[in-house]
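Fold and geometry: a report
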Amino acid sequence: MGSTQHTTPSRRRAWRPVLAAVLSTGLLATGWQAFAAEAATGPAGSGAGPLAARLGGDGAARAHDGDPDTYAKGSAARWVQADLGATRRLDRVELTLPGKAQQVQLQGSANGRDFVELSDSRSRQGHVTLRLDGAPVRYVRVAGAQRVGELALFPAASGDTAPPEAPRDVRLDGATLRWERAPGASGYDVYADGRLRAGLPATATHWEDTTAPGGTPHRTAYTVRARDAAGNQSPDGPTVTRTVAAGQGSSRAAFRPSLAKPAPQPRRAGAGAATGATMPYTTVEAESGATGGGAQVVGPNRRIGDLAGEASGRKAVTLKQTGQYVEFTTPVETSTLVTRFSIPDAPGGGGTNAKLNVYVNGQKAKPFDLTSKYAWLYGPEAAPVNDPGAGPARHIYDEAHLDLGRTVPAGSKVRLQKDADNPSTYAIDFVDFEKVAAAPNPDRQAFVEPAGFGHQDVQNALDRARMDTTGRIKGVYLPPGDYQTSSKFQVYLKPVKVLGAGPWFTRFHAPAGQQNTDVGFRAADGADGSTFAGFAYFGNYTSRIDGPGKVFDFQNISGITIENIWAEHMVCLYWGANTDRMTIRNNRIRNTFADGLNMTNGSSDNLVTNNEARATGDDSFALFSALDSGGGEQTHNVYENLTSKLTWRAAGLAVYGGQLNTFRNVRVVDTLVYAGVTISSLDFGIPMNGFGPGQTTFENLGIERAGGHFWNGQTFPGIWLYSASKPFRAIRVKGAAITDPTYHGIMFQTNYVGQQPQHPVQDTELSDVTVSGAKKSGDEYNDRSGFGVWANEAAGGPALGQAAFHRLTLRDNAENIRNTTSTFKINID
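Residues numbered from 1 in each chain as written. Predicted model: local features only at pLDDT ≥ 70, side-chain atom pairs only at ≥ 80, totals over all residues. Heavy atoms only, no water.

When its secondary structure is counted, the protein chain shows two helices and 62 strands. Here the protein chain, with 829 residues, has 60% of them falling under the buried criterion. If you take every contact in the protein chain between residues at least 6 apart in sequence, the share linking residues at least 24 apart comes to 76%. Carbon and sulfur atoms form 49% of the exposed surface of the protein chain, whose accessible area is close to 29,300 Å². (Helix = DSSP H or I, 4+ residues; strand = E, 2+ residues; numbered from the N terminus. Buried < 20%, exposed > 50% of the residue type's maximum accessible area, 1.4 Å probe, protein only. Contact = heavy atoms within 4.5 Å. Areas by Shrake-Rupley, 256 points an atom, 1.4 Å probe, with all protein chains shown as cover.)

So, in structure tokens, the structure goes:
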């Protein structure tokens with residue numbers, strides 16, 4: 001028998017750790033100074049009095065004067081806020097809401113800017129008690145409040161509730177910040193200009209800042225906080241400042257926080273299936289359209305190389321005979337059209353070209369120009385090639401886009417039809433509708449424009465912006481057009497803004513007569529704070545080549561914004577080694593041959609938000625805490641509001657090591673061969689940090705039709721937890737809905753070397769998880785399918801360690817829990 005255990009539900013729900021979610025980059029609220037917070041009466045524990053706190057809001061003192069009938073008013077943004085002066089573990093918040101009911105929500109933060117939800121938002125009045133059960137937090141905000149009569153914050157009833165002392169003797173020795181150890185500290189957090197820069201272990205007594213301004217002198221203020229193992233964080237230690245002259249320091253470049261960086265929006269764990277990214281286009285599946293002339297809906301199935309198996313929703317519409325069509329009713333206004341399609345490969349590989357006619361409200365429009373040049377790979381699953389003789393096919397779909405040249409109203413009929421002048425056969429997976437308009441040059445005096453559309457024209461404009469000595473030129477504007485590029489553009493010595501007219505209008509193309517050309521951008525030597533926004537990159541990659549092929553290939557740089565970029569037929573959109581405080585948002589990643597995005601080698605304090613990846617050839621969104629190219633621990637990254645669809649190799653989201661990183665509101669749909677979400681401590685033979693001791697948090701995951709088989713027949717689940725060559729610990733999954741997995745919902749697995757297990761699964765908790773629809777697959781892997789939760793007993797050796805589930809829901813699975821091991825314990829309450 002396996003060692004699955006059911007325990008009586010605890011009387012109190014576990015606290016929601018908010019520290020990892022809110023210790024991302026963010027300026028401290030203006031005018032708020034840290035100060036020691038002590039309990040007003042009595043020790044921490046049952047009956048302890050409220051903690052001293054500084055309140056903010058109109059008439060704030062009236063919310064702490066003992067009279068519930070006098071009240072503080074919410075600010076212009078309608079909130080009343082308390083600052084404890086240090087991060088404390090809280091038992092509860094009590095408040096009085098006089099008068100009529102108010103729609104309020106409790107929110108918490110460790111830095112005064114990035115808030116997460118501590119309660120639901122609902123109508124409340126009178127005396128209100130909100131339980132926090134030990135959540136560590138410094139700033140508490142009553143959001144939505146118009147009147148707060150009394151506000152009191154109480155320390156946790158048990159356990160360590162007192163923050164450690166602040167570090168003493170904080171001083172600068174050149175670029176090195178030094179301090180004395182604080183009693184009871186389990187680590188230290190370093191802030192520069194109010195933004196978290198490093199999370200260090202208990203043994204640390206110094207940290208070197210290797211950044212330097214790129215163009216002007218810069219004065220930086222540093223503080224250090226101690227933290228203990230319970231999550232309490234001290235007040236700030238003494239502030240010290242450093243002024244660095246322009247051009248001094250290393251090529252790591254300036255610490256320039258991105259002013260445009262949005263604070264992560266609060267999301268409540270377990271609130272339902274993830275919605276993922278919110279993109280400007282609306283997608284409609286072909287099988288939901290109207291078919292005619294004998295067009296067929298194929299599927300569903302999960303077969304690799306099959307028109308249904310590789311389609312979104314595992315269904316598609318085929319057009320094989322003249323007159324067959326699929327017709328869509330536009331749900332929104334649109335001026336563009338994108339389709340995901342499959343047409344045959346050439347007999348010897350290399351692709352074929354075809355047209356497919358488009359009709360709008362019965363009138364023939366411009367046709368789609370289609371090619372299968374960038375699809376159809378064959379043979380070895382881990383390294384397929386462009387040779388039909390090498391073995392079975394995979395990666396058989398691609399996308400095409402069309403500017404309709406006019407705005408088509410919502411409710412119109414758009415038809416894709418095979419006519420006599422369309423001799424190919426077609427499979428249509430889905431279409432996108434999007435209304436677009438070109439963005440003009442925001443300031444012709446501040447943004448120079450290239451003289452033409454060639455590669456050197458653009459580089460000349462970048463150089464002109466770089467060499468400007470007047471201070472008036474901010475960057476380069478790229479007008480609408482098709483730009484030809486054959487190598488990487490270079491941005492260096494100063495930050496620059498590179499702005500296009502939008503990805504439908506400013507389009508970079510790799511040479512059509514070549515394959516696998518390394519195009520994109522590199523930035524170094526003072527380019528911190530640069531912005532790249534509003535253009536598209538269409539590459540010419542037809543297979544995977546590791547190394548080149550990244551649109552943005554960055555190392556040892558910080559503070560860059562990458563926004564509203566469309567990347568297709570490249571190897572990756574972004575690869576960052578030792579890159580910090582980057583903001584990557586609102587991008588569309590399509591049909592790549594490796595990762596959509598990968599943060600590695602000490603990359604910390606980054607925000608990856610509101611991006612959609614479709615059909616990536618490796619993990620769509622990855623964090624790999626490797627150490628082979630510089631950098632140290634990888635911490636305080638936030639990946640949020642992401643959608644991954646149709647990943648044809650590897651996972652939608654993959655996290656390999658690190659700590660204090662947060663991944664929330666992530667939707668993964670239709671992975672072909674791998675897990676929807678991979679959480680792994682395998683180092684791939686590369687120096688790497690394992691997980692912990694700080695937590696890695698996953699919140700609100702939605703995983704649909706995920707999993708598959710790879711690596712010579714290993715089967716993969718919706719969520720794969722793989723303990724391997726580095727420590728696997730401090731994992732928290734809080735809210736996940738796994739629906740209709742290909743083989744199993746959640747799998748625990750341990751790597752073995754020489755028949756000996758490596759690291760066990762430790763300190764791993766999953767809360768508010770639902771697994772539904774894990775059915776027997778009916779294929780050659782049928783005996784390894786249908787499990788809601790599986791402790792893998794066979795892949796080299798049985799899973800090792802233990803994990804706890806809180807509020808686990810299992811339904812409509814062939815077998816809810818399979819654990820035949822004696823080495824892995826599943827605790828369920």
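A cluster of basic side chains, namely Arg-62, Lys-73, Lys-100 and Arg-147, defines a positive patch on the protein surface. Tracing the backbone through its elements, the reader meets Arg-62 in the loop between strand E2 (54-56) and strand E3 (72-73). (Patch = residues over 30% accessible without salt bridge, like charges linked within 9 Å, V, L, I, M, F, W, Y side chains within 5 Å. Salt bridge = Lys/Arg side-chain N within 4 Å of Asp/Glu carboxyl O. Lys, Arg positive; Asp, Glu negative; His and termini not counted. Charge placed at Lys NZ, Arg CZ, Asp CG, Glu CD.)

Moving on to the pairing of strand E32 (residues 481-484). Taking every second residue as pointing to the same face, the buried face of E32 carries Gly-481 and Tyr-483, while none of Asp-482 and Gln-484 on the other face is buried. Pairing between E32 and strand E35 (residues 506-509): four bridges, direction parallel. Bridge pairing in E35 links Tyr-483 to Phe-508. (Pairing = 2+ DSSP bridges.)

Below, the discussion takes up the pattern of salt bridges. Opposite charge on two side chains allows them to pair when their charged atoms are near. Within the structure shown, the criterion is met by 42 salt bridges. For Arg-649, the salt bridge identified is with Asp-618, shortest N-O distance 3.3 Å. With a gap of 31 residues between them, Arg-649 in the loop between strand E46 (638-645) and strand E47 (653-656) and Asp-618 in the loop between strand E44 (607-614) and strand E45 (621-624) connect regions that are remote in the sequence. In this structure, Arg-649 and Asp-618 share a single accessibility class: buried. A salt bridge links Asp-812 to Lys-775; the shortest N-O distance between them is 2.6 Å. You can see Asp-812 sitting in the loop between strand E60 (801-811) and strand E61 (815-818) and its partner Lys-775 sitting in the loop between strand E58 (764-772) and strand E59 (787-791), a full 37 residues away along the chain. Given a relative accessible area of 51%, Asp-812 falls into the exposed group. Sharing partners across several salt bridges, the network here consists of Glu-399, Asp-432, Arg-590, Glu-612, Arg-614 and Lys-645.

This brings us to unusual backbone geometry. Omega for the bond connecting Gly-299 with Pro-300 falls within 30 degrees of zero, at 5°, which places this linkage in the cis form. Looking at the secondary structure, you find Pro-300 in the loop between strand E18 (296-298) and strand E19 (316-319). For Arg-314, which is not glycine, the phi torsion reads 60° and is therefore positive. For Asn-564, which is not glycine, the phi torsion reads 55° and is therefore positive. Summarising the element assignment, Asn-564 is placed in strand E39 (residues 561-568). Accessibility expressed as a relative area gives 27% for Asn-564, which makes it partly exposed.

This brings us to the sheet that holds strand E10 (residues 176-180). Spatially, E9-E10-E13 is the arrangement adopted by the three strands of the open sheet, whose pairing is antiparallel. At either margin of the open sheet sits one strand with a lone partner, and together these are strand E9 (168-173) and strand E13 (206-208). Mean inter-strand twist for the sheet, computed between neighbouring axes without regard to direction, equals 15°. With three bridges joining them, E10 and E13 adopt antiparallel strand pairing. Along E13, the bridge assignment pairs Arg-178 with His-206. (Axes fitted to C-alpha atoms, helices over the stretch in contact; angles between N-to-C directions.)

Residues Phe-552 and Ile-746 are the most contacted members of the largest nonpolar core, which totals 78 residues. Each residue touching Ile-746, except ones within four places of it in the same chain, is listed here: Pro-717, Ile-719, Leu-721, Ile-738, Leu-766, Val-769, Val-771, Gly-788, Val-789, Trp-790 and Phe-805. One finds Ala-654, Ala-724, Met-747 and Phe-787 within the second-largest nonpolar core, a separate group that totals 27 residues. (Core = buried A, V, L, I, M, F, W, Y, C linked by side-chain atoms within 4.5 Å.)

A few words now on the confidence of the model for the protein chain. A residue-level look at the protein chain finds 86% of positions with pLDDT of 70 or above and a mean pLDDT of 86. Low pLDDT (under 50) marks residues 247-272, which in the prediction has 87 contacts with non-local residues, meaning those over four places away or in another chain. (pLDDT = per-residue confidence, 0-100.)

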